[in-house]
Every structure is written in C-alpha cells, then in structure tokens.
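Fold and geometry: a report
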Amino acid sequence: MKILTTVKRVTDPDMKVKIKPDQSGIITDGVEYRMNSFDEYGVEEAIRLKELHGGEVIVVSVGPAEATKEIRTALAMGADRGILVETNAELDSDAVARVLAEVVRRETPDIIVIGKQAVDSDRNQTGQLLASYLDLPQATFAYSLEVADGWAVVGREVDGGTSTKRVKLPAIITADLRLNEPRYASLPGIMKAKRKPLDTLTPADLGVDIAPKVRVLRYEAPEERAAGEIVGSVDELIDRLRNKAKVI
Amino acid sequence: MANVLVVAEHLDGKLRKVTLPTITFAQQAAAVTGGQVYVLVLGSGVDAAVEEVSRYGAAKVLYANSPVFSDYLAETYTPAIVKAARETGSTLVCTPSSTTGKDLLPRVAAKLDAGMVSDAIEVFESDGLKFRRPLWAGNVVTTVHVTTPNKAVTVRTTDFDAPAEGAACPVESFDAGVAPTDTAQFVSFEQVKSERPELTDANVVVAGGRGLKSGENFQMIMDLADVLGGAVGASRAAVDSGYAPNDWQIGQTGKVVAPNLYFAVAISGAIQHLAGMKGSQTIVAINTNPEAPIFQVADYGLVADAFQVVPELTQKLKQVL
C-alpha cells in the first residue's frame, strides 16, 4: 500500500505569539519551530498502516527550505521518502491543497492521511479541499481508522458524539486527537533518516499557481481581559456573581 | 446579484441553533453586497426544520427532502450546495463553524473556485467585504480579504446573536439532482444523549480538568451545572484521560463557547483551552495552584481544592437560586 502523509512547519504552539508593530505579520526572531502536532498523528497513522499492510510512506511538506527538518523528523519516525515543495510565499490552504493534488496525481497513493488542522493558521481546510480537487471521498476528524478490502472505516469526532463513515480508497483521512500516540524518533531512526531520499520541487515545477485566494491584510492581538479578583471563600464568590457580575 | 446562501443544520428533524447566528452573519454580509439571504435545508423529513428556519429573516428557504440526504455526507451535500449557490446567484456561501460545516464547506469552496475563510468573527465593508478571524489558538486576529468572486465562510456562531424571529418567508422545494455516491457511506452516529443544553448555546458552562482525577468525580461538575441549568465541558487533558466524552472538549481543537458564566474547575488553562472559552462574559476559576494560567483570564478566582468547594458551592447555590 502506498501511503501519503504531510507535515507543516509551525511555530512552537506553547510560545507566546508577538505581532510586528506594523501589523504585517508575527515576529519570527528567536521563534522555535516544530512539526504541526496534528501532522504527528497523521505521520504515525501512516507508519502504522505500513506496518500492518506493507508498502511505502511518502511525506510531503509545502513550505520553506527549513521544512526539510520536519520532513526528516517524519523520516526518522519511519516514513520512507520525502518531498519538499519549496516556497517562501505566504500560502492559503487552497494553494497548499492544489500543490498536494498535483503531488497525489504524480504519486497515486492508495490512501492520504494528514492532520486535520495546523495549530498556527487554525483553518482546518486542506484535507477537504484536496479531496474536492481530486474528487475523492473524505473522512475528517478521525479518531480511529481501519483499512480492509479497499475501504477505510473511520471513527470521527463530531458535534454531539462520534460517527462512523466508510470511504472507498483512494481517500483522504484527516487525523484528530486520540487517533494514536505518535512515536518518538529513535536514534537509529534518526541516523537512517539522513540517508532516506528527499526530493525538492517548486510549485512551478508542478505547474501550480500559488497566488492566495485569501489575503491577510492585518494581524492584531485580541482584546486582553481585564485583571480579575481572587476571592477568599465560596460565600464571597456567590456574592460577586450575584451582586457584581449579576450573572446568577 | 450577490446573494448569500446559508446551509442550515438540523438533527433529529429539528433545526440546530447554530444555524441562527449564521443567518445573522449572512444578513450582515448581504447588507454589504446588496444581496439577499437564502437558506438551504438538505435532508429527509426536514419539514419542521424548514418551517422553523423560515421565521428568521431570510428572503427564501430552499429545501430538498430526499433519501439521498437522509444521512449527512460531504460527498452528496457538496454538489447540491454548488447547484443552489449558482441558481440563487449566491457569491457567498456560509455554514456554522461546526464539525459539519468544517467538513463540508472546503469541499464546496473548491468546486466554486471560492477563497475560504474559517471561523469568521466579524464581517464588514471596507472597499468590499472584509472578514476578521482568530488563529494561533486565539492569540492573533487577522483581517482578511477574499480575492475570488465566490467566497466561502464558516461562522464562529458564538460571536453573532440569533436574528429576531418574525413572519415566515417563502419556502420552495429545490431539485438538487444528486445521485447517491458509491465511494462514501454513512455507517452510524453515536449520539451523547443529554438533557442539558448544548455547550455552544448554554448560558452557563461548567468545565472540569485533569485535576478532577477521575470520570466519577465529574459528577460534582454535573451537579453544579444542573443547579445553574448549564452545560458541562472539559479540558483536552480530561478528555484524553478518559474522564469525559470527546464531545465535551472545549478549546482550539474542540468547541468554542462564550456563555454568560463559565466555571473552569481544576483546569490549569493551557492556551489551547483558553482559545475555546476566553470570549465568555464572566469567568470563574477554581484551582489549587495560584500560579495556574487560568487565573490570568478569570474574573473571579478561588484558590482552593475543588473537592471541597465545588460541593459547597452547589449546596449554597441551591439555597439562594
């Protein structure tokens, strides 16, 4: 089975984001980067599928040259080869999906497993856009995945509970939390990853125009909440809620 | 024509409330584009939902009552929505930012060659339509412009009120012309049944964290919620630990809530959790650790052991409410 997964290089999610004074973006000096956490679930699931069914895991990133680090991390976890579609442009999800669609057309994987959203842009669009551009079925927000007889059975986290959907392969699956526990790369894995193939392409090589359909005009910090009050007892809390906040 | 199409959501034949703030968003967008608001209801047995949604200020409600739509599938809903958008002259298609909306709308956007905005919290006129949306777990808000003639937007429903209820608008059957798909099958929906209000439209939310140490201990969270007529939520850590169902998760990757009153009980307040609740009007934090980040967003903090003060709070509220 040929399995395709993706990784995005994102700012460390536990870091405080600072915005440039001219509101044109975030301050990147001194910022640490890592693999998008949802992609860790996608990569892990791709490797587990290979371990169960055999085959090959291809890991793709669309982004700057530095994203080879995140690709190497996925290779160290157990993916077989990497593809970087290199660009420094600011991308919307649509451009990423159209680039990935072209990679999928060339690689013809049996299944595509990717993170449901990136923890920086928080858009939750790429997998669904990719499925639409390729006219393939989709199963988003997966917390469980089983593949048999050319179909995937996917448990999905949805409003009001959970749901189960079957999709015929090839299909796009997007990983939610609790799909698995991503493994750490072992030292031998890290050594091996250095020798695994990693191709670099550009969007132009793939014939994809990456001009965004959604342009960001301004970055701002949200309104801060005013400092609160520490109360000393339950009675004091009830008093504040009734007489000051007037919410009960 | 630059009309706006809202895709309604329903469950068990009833309109889901998240549809209503989405109509408000659509009305605000239509006021900028000079168009009208259409609502599309897809399903089977949707008559009650159609009747209800017709009373909230849309120009027209279109509905397709068909076995093809009896279970939601992005694969079958997408061509129907694309057709409805074209036939109604809608250049903006919007859904609530629910799991269904998030699953569905990008698929529609690609077919309409539409740029898509996720989680819009504001729409306004400034040399055309502009939108504001949060990202980086709510630590940044961007103002964005969609360059394509067609646009798709999921709406963060906690940032818009429901429209006023009024006289019913015309409703019209819509021929979606969609055949069943042979590549995707709905299997089942395991609903978490609850008598409590939905998290996303409750006036009061009581949420528990990993500090509660077990699923059984969530009983005190439920007891407090019930005294206040509220919904129950949880942090990711509590859900990951198996103390609470996934449907209760509040945060960047779970639900976003903005009730009048939010209780964070034994929740430390990771930025991913704050992203889902810091729009609440009044926030109460109960935690043994005075350094917990949750206190930085709380209006009222109580540095105490939840096991002692939550039952006490529930008892005393019973007496005064």
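**Focus on the overall build of chain A**
Across its full length, chain A holds six helices and 13 strands. Along the first, second and third principal axes, the C-alpha atoms of chain A reach 65 × 45 × 40 Å. Each of the 248 residues in chain A was classed as buried or not, and the buried ones make up 47%. Looking at chain A alone, contacts between residues at least 24 apart form 71% of all its contacts between residues at least 6 apart.

**Considerations on the interface of chain B and chain A**
It is common to report an interface's size as the accessible area lost on association of the parts. Taken together, the contact between chain B and chain A spans 68 residues of the former and 59 residues of the latter. In this structure, strand 12 (residues 214-220) of chain A lies alongside strand 10 (residues 140-146) of chain B, joined through six bridges in antiparallel fashion. In the strand pairing of strand 10 of chain B, R215 of chain A is matched with H145 of chain B.

**Quick word on the domain arrangement of chain B**
Residue and element names in this part refer to chain B. Here chain B is described as being made up of domain 1 (3-173) and domain 2 (199-320). Taking only C-alpha atoms into account, the centre of domain 1 sits 31 Å from that of domain 2. At the interface, eight residues of domain 1 touch 12 residues of domain 2. Among the residues forming the side of domain 1 that touches domain 2, the class breakdown is two nonpolar, four polar and two charged.

**Overview of the sheet that holds strand 1 (residues 3-7) of chain B**
Residues and elements named next belong to chain B. Taking strand neighbours across the sheet as the criterion, the seven strands line up as 7-11-6-1-4-5-12 in an open arrangement whose pairing is parallel. Every other strand in the sheet has two partners, leaving strand 7 (115-120) and strand 12 (171-173) as the edge strands with one partner each. In this sheet, adjacent strand axes meet at a mean angle of 25 degrees when their direction is disregarded. With four bridges connecting them, strand 1 and strand 6 (residues 90-96) associate as parallel partners. Note on strand 6: the bridge partner recorded for N3 is S90. Lying over the sheet, helix 4 (residues 99-111) contacts strand 6, strand 7 and strand 11 (151-155), oriented at roughly 175 degrees with respect to strand 11.

Rules used in this analysis
- Residues numbered from 1 in each chain as written.
- Chains lettered and ligands numbered in written order.
- Predicted model: local features only at pLDDT ≥ 70, side-chain atom pairs only at ≥ 80, totals over all residues.
- Helix = DSSP H or I, 4+ residues; strand = E, 2+ residues; numbered from the N terminus.
- Buried ≥ 20, exposed ≤ 12 C-beta atoms within 10 Å, placed from the backbone.
- Contact = placed C-beta atoms within 7 Å.
- Pairing = 2+ DSSP bridges.
- Domains from an automatic or database assignment.
- Nonpolar A, V, L, I, M, F, W, Y, C, P; charged D, E, K, R; others polar.
- Axes fitted to C-alpha atoms, helices over the stretch in contact; angles between N-to-C directions.

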